[in-house]
Amino acid sequence: MLKVNNVNAFYGDLQALWGISLEINDGELVALVGPNGAGKTTTLKVITGLLPYASGMVNFNAHDLHRMPSHKIVEFGISQVPEGGRVFAGMTVLENLELGAFVSTARKVKDQTLKWVFEIFPRLQERKGQQAGTLSGGERQMLAIGRALMSKPKLLLLDEPSFGLAPILVQQMFEMIAEINRQGVTVLLVEQNVRAALELAQRAYVIENGRVVGEGKGDSLLSFESIRAAYLG
Amino acid sequence: MKSLKIISIIILIVALACVPVVIKKDSIITLLIMILLYVILATSWNILGGYTGQTSLGHAAFFGLGSLVTRLLWIKGVHILPSILAGSLLAVAFALLIGAPAFRLKGVYFAIGTLALAEILNVTVGNMFPEISSLPVKELVAYQLAPRYYAILGMAVFVVGCSYLLVNSRVGLGMMAVREQEDAAESLGVSALKHKLIALGVSAFFTGLAGGAFAFYHVGYYYQYPFSPSWSLDMLTMVYIGGQGTILGPIIGAVFFVVLRQYLVLNVGEYHMIIFGVLFILVVLFLPGGIVSLWSRLQKALFRRSKSNAIKRSPDVEG
Amino acid sequence: MIEAVAQNLVIGILLGALYGLAAVGIAMVFGVTKFLNVAHGELLMFGGYATFWLFNLLGLDPFLSLPLTILFLLLIGVVLYQLLFVRMVKLPEEEKIKNTMLIGFGLTLILQNIALNLWTANDRGVTTSYASEAFTWLGVRFPYVRLAGLVISLVCLFALQQFLRKTYIGKAIRATTEDWEAASLVGIDVHKVYLISFLLGTALAGVAGALVLVSYSVSPSIGLHWTLKSLIVMVLGGVGNFMGTFVGGILLGATESATAFFISGNYREVVGLILFLLILIFKPQGLFGAKER
């Protein structure tokens, strides 16, 4: 489904990604783990077009995503939940969700999709008239994911969905993500919470200092220094 | 390298000093006086706007106050030098008076606030002194271009020199810290307000000096004229075109500004403002660092081409 | 005496409505895109001239020709946006504000001088058949022309509010204002949003210009004056609250009139400016603005 091949990306003159390659197949739940500042968010930004890449290739279902503006990429079926959720605080929960279905393909089936999202996140339905800025951290995260789901994505990118959440909520969050994946949405999960990510995902990539240094299933990744540190630390 | 710079600066100053002796054409001296005046204005504005990052749209107030006080005293018979000094000091006093409350405003709000403030003075002075300021006969008769030229040349050297010293001092470092990240600077013990006030005071003083020079130079002008907001806009324009936050930038900007305007007025007449506006926009779009940045850009372009696939060590970037 | 005061107040409020309308135009653009288009006053001036020429050459009533004036301004807006402002979209906020302000300055030079060369520096006005008519209430005259100005301004304001609150695009604009990256990620074309916002601001400037022409007069030099007023009222009302901006305009207009009446016509601007500064000092976010810092 998604093929990232040998991508180099820069912030100005600073190189952030060095020859990143990864692959995600239909229906998978893949994790991207690594220490702080390793390039996880940058990788996501490259995929969704928020950051242009200097060389390499990003291919989604045989479409070359090079130089495609972010909003077009959403139309193709990739949706990202950015770090911190970034809901539209001045608008209601319902308005946030409705905006999630902005792309024309999603807009037509907006009502059905809304029902689906409310099934996954019943709390959002309770609070649908509330201003997003007044929600709790966990609810906001749910709203952000719900909003991303409204565009009926084939691939859902999640950037640290558990960040700042209480441990119980983290557990719930990951259960919901697993459920979303079960319902047919391919997921790329970026996480610092390595343990949970590796339990959840079928496969994972390890990224360090802007390079992919490993790939595999949970156990085989334990050989990496940083992963081990995350488990023991 | 440094001594080369110093020598070339000295040569430049000496050359400029020799101009009235060698060149007898008044129009050239007048042009140079204009350029030097604008150099002072641009350099002054840059201290607050370029180095401390506070965009003021009200500097005409200091220019106006300097010229008003200078002119009034001088016409009354006070010698020109203390008159100019008095004008500049009044400008500083005014600046410090409004400084603390003004700096409660940030960014755009500060800019618009200073604009409003300068307008208040503009209208008030226009009402209190609606007439043209003319020189008494004594001064008219004794009017000579050369002393004006030397006065303003001296002023320009003084202002640029002080600006250089200020910027390279600890205070200057503090000012730039305030510009870059005010909150971070505060947490490091750099008092943002103090540095802003210093920058404002110095900037106002130099602008006031320019006002005094203006009053000294012109035979007749409306008292209100130096308070016009167009002066504030010109200062901002020159600094951005030349390159803000540098010593050379405002100088280049001033020269460019005056010479270009002169050239266009003479050669294109009615449409000169349109062409000037177009050129200005082109600089903003394609040379955001100002003319000064042209040099460093050229360096970069040549440098990058000669290097082949250099591996740059990248520090940890947010991931 | 009371009548004189009331009359003065009414004229001030009616003028203030124009201030408010012009300010909402610049606030619309600045709020969404963070472009500080200081050539806003020049666009207003062009709106006035468009109405003037439609009246003089085609005999069109200045109120009926509003759609045409708006169209004309939209055309100018599209050209300016695509040529100049579109390059500023992705800049960080502070740079965006500074650079667009500079571009705006350049534009004021260009636009003002185009107008000067095309139409001379003379004041232009239009006198319709109903220009001197008014309805009188309790001894106070409400000139129809200026009253229409108030009504049209309110209609524009209301339409804008509804657009932003109820329509999908309006909500997309609000979302982009809050967080343009997040807006991109839900599929909103930020460029389109910016363009639409810019055009809305331009259109409002055009309407304001037409009203200024009809109520007062236009000349190439009024641009700076109206830009200054728009900026002051925008900041006074607080960016992001258009109703507040409008009220700020009315307040300024009333203050100026009162000053002219009670103190002196020469100082009518000064008191308004002082009031503006005082409010800013004690409420840096404006009268109705949300507390940012």
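Residues numbered from 1 in each chain as written. Chains lettered and ligands numbered in written order. Predicted model: local features only at pLDDT ≥ 70, side-chain atom pairs only at ≥ 80, totals over all residues. Heavy atoms only, no water.

Moving on, we get to the overall build of chain B. A count of helices and strands for chain B gives 14 helices and two strands. A globule of 319 residues ought to have a C-alpha radius of gyration of about 20 Å, and chain B, at 21 Å, matches this closely. Principal-axis analysis of the C-alpha atoms places the extent of chain B at approximately 75 × 45 × 40 Å. Looking at chain B residue by residue over its 319 residues, the buried ones come to 51%. Of the contacts formed within chain B by residues at least 6 apart in sequence, a portion of 80% connects residues at least 24 apart. (Helix = DSSP H or I, 4+ residues; strand = E, 2+ residues; numbered from the N terminus. Rg over C-alpha atoms; globule rule 2.2 N^0.38 Å. Buried < 20%, exposed > 50% of the residue type's maximum accessible area, 1.4 Å probe, protein only. Contact = heavy atoms within 4.5 Å.)

This next bit is on the environment of C:V233. The residue C:V233 is located in helix α9 (residues 222–237) in this model. On a C-alpha basis, the gap between C:V233 and C:G249 in space is 5.5 Å, while along the polypeptide they are 16 residues apart.

Let's shift gears to the confidence of the model for chain C. Across chain C, pLDDT averages 90, with 99% of residues at or above 70. Here the complex is predicted with pTM 0.87, and the ipTM for its interfaces comes to 0.86. (pLDDT = per-residue confidence, 0-100.)

On to the pairing of strand β2 (residues 140–143) of chain C, then. Residues and elements named next belong to chain C. Bridging between strand β1 (residues 134–137) and β2 involves four bridges; their strand directions are antiparallel. In the strand pairing of β2, A134 is matched with P143. In this structure, the hairpin formed by β1 and β2 is closed by a connection of two residues, where L138 is found at a positive phi of approximately 55 degrees. (Pairing = 2+ DSSP bridges.)

Further remarks concern the interface of chain C and chain B. Accessible area lost during the coming together of the parts is what is often quoted as the interface size. Taken together, the contacts link 37 residues of chain C with 37 residues of chain B. Taking both sides of the interface into account, the surface hidden between chain C and chain B amounts to around 3500 Å²; carbon and sulfur atoms contribute 79%. Where chain C packs against chain B, one counts zero salt bridges. Our enumeration of links across chain C and chain B arrives at two residue pairs in polar contact (both at pLDDT 80 or more). Those elements that provide at least two residues to the side of chain C that touches chain B are α4 (93–119), α9 and α11 (268–282) of chain C. Here the side of chain C that touches chain B is composed, by residue class, of 29 nonpolar, five polar and three charged. (Buried area = accessible area lost by both parts, 1.4 Å probe. Salt bridge = Lys/Arg side-chain N within 4 Å of Asp/Glu carboxyl O. Polar contact = N/O pair within 3.5 Å; in protein donor to acceptor, adjacent residues only side chain to side chain. Nonpolar A, V, L, I, M, F, W, Y, C, P; charged D, E, K, R; others polar.)

Turning our eyes to something else, we now look at the interface of chain A and chain C. Taken residue by residue, the interface counts 24 residues in chain A and 17 residues in chain C. Linking chain A with chain C are five salt bridges. Between C:E181 and A:R86 there is a salt bridge whose closest N-O contact spans 3.0 Å. For the interface between chain A and chain C, the tally reads seven residue pairs in polar contact (both at pLDDT 80 or more). For the side of chain A that touches chain C, the element with the highest residue contribution is helix α3 (residues 93–100) of chain A, accounting for four residues. Partitioning the side of chain A that touches chain C into residue classes produces eleven nonpolar, seven polar and six charged.

As a general point, the strands of a sheet are linked pairwise by backbone hydrogen bonds and lie either parallel or antiparallel. Residue and element names in this part refer to chain A. Spatially, the six strands line up as an open sheet ordered β6-β7-β8-β3-β9-β10, and their pairing is mixed. Only two strands of the sheet have a single neighbouring strand rather than two, namely β6 (78–81) and β10 (211–216). In this sheet, adjacent strand axes meet at a mean angle of 20 degrees when their direction is disregarded. Bridging between strand β3 (residues 29–33) and strand β9 (residues 203–208) involves four bridges; their strand directions are parallel. Note that in β9 the partner of A31 across the bridge is A204. Where helix α1 (residues 40–48) meets the sheet, its contacts fall on β3, β6, β7 (155–159), β8 (186–191) and β9, and the angle it forms with β7 comes to roughly 150 degrees. Across the sheet, helix α8 (residues 167–182) lies against β3, β7 and β8, angled at about 155 degrees from β8, the strand it touches most. (Axes fitted to C-alpha atoms, helices over the stretch in contact; angles between N-to-C directions.)

Residue and element names in this part refer to chain B. Averaged over every residue, the pLDDT of chain B is 87; the share at 70 or more is 95%. Mean pLDDT across the elements of chain B ranges from a minimum in helix α14 (residues 292–306), with 74, to a maximum in helix α3 (residues 60–76), with 95. Low pLDDT, under 50, characterises residues 308–319; the predicted model gives this stretch 27 contacts beyond four residues in sequence or across chains.

Glancing now at the pattern of salt bridges. When charged atoms on two side chains of opposite charge get close, those side chains can pair. By the definition in use, this model includes 18 salt bridges over all chains. Across the pair C:K171 and A:E95 runs a salt bridge whose closest N-O atoms are separated by 3.7 Å. Residue C:K171 is found in helix α6 (residues 168–178), and its partner A:E95 is found in helix α3; the two belong to separate chains. Each member of the pair C:K171 and A:E95 is classed as buried. Residue A:E98 is joined to A:K110 by a salt bridge in which the shortest nitrogen-to-oxygen separation is 3.6 Å.

Residues and elements named next belong to chain B. Structurally, S88 can be placed in helix α4 (residues 80–102). What makes S88 buried here is its relative accessible area of 0%. Contact partners of S88, with chain neighbours within four places excluded, come to F205, G208 and L209.

Glycine aside, negative phi is the norm for most residues, and most peptide bonds take the trans geometry. Residues and elements named next belong to chain A. Phi angles above zero are rare outside glycine, and N6 is one such case at about 55 degrees. Structurally, the position occupied by N6 is in strand β1 (residues 2–11). With a phi close to 55 degrees, R86 is a non-glycine residue in the positive phi region.

Right, let's get into the packing of aromatic side chains. By the definition in use, this model includes 31 aromatic pairs over all chains. For the pair B:Y149 and B:Y150, a centre-to-centre distance of 5.6 Å together with 75 degrees between the ring planes defines the contact as edge-to-face. Relative to B:F206, the ring of B:F205 has its centre 6.0 Å away and its plane inclined at 55 degrees; by these criteria the two rings are tilted. A network of ring pairs unites the aromatic residues B:Y38, B:F63, B:F129, B:F214, B:Y221, B:Y223, B:Y225, B:W231, B:F257 and B:F276 as a single cluster. Positioned above the aromatic ring of A:F102, the side-chain terminus of A:R107 is 4.7 Å from the ring centre. Note that A:R211 overlies the ring of A:W18, its terminal NZ or CZ placed 4.4 Å from the centroid. (Phe/Tyr/Trp six-rings, centres within 6.5 Å; stacked < 30°, edge-to-face > 60°. Lys NZ or Arg CZ within 6 Å of the ring centre and 35° of its normal.)

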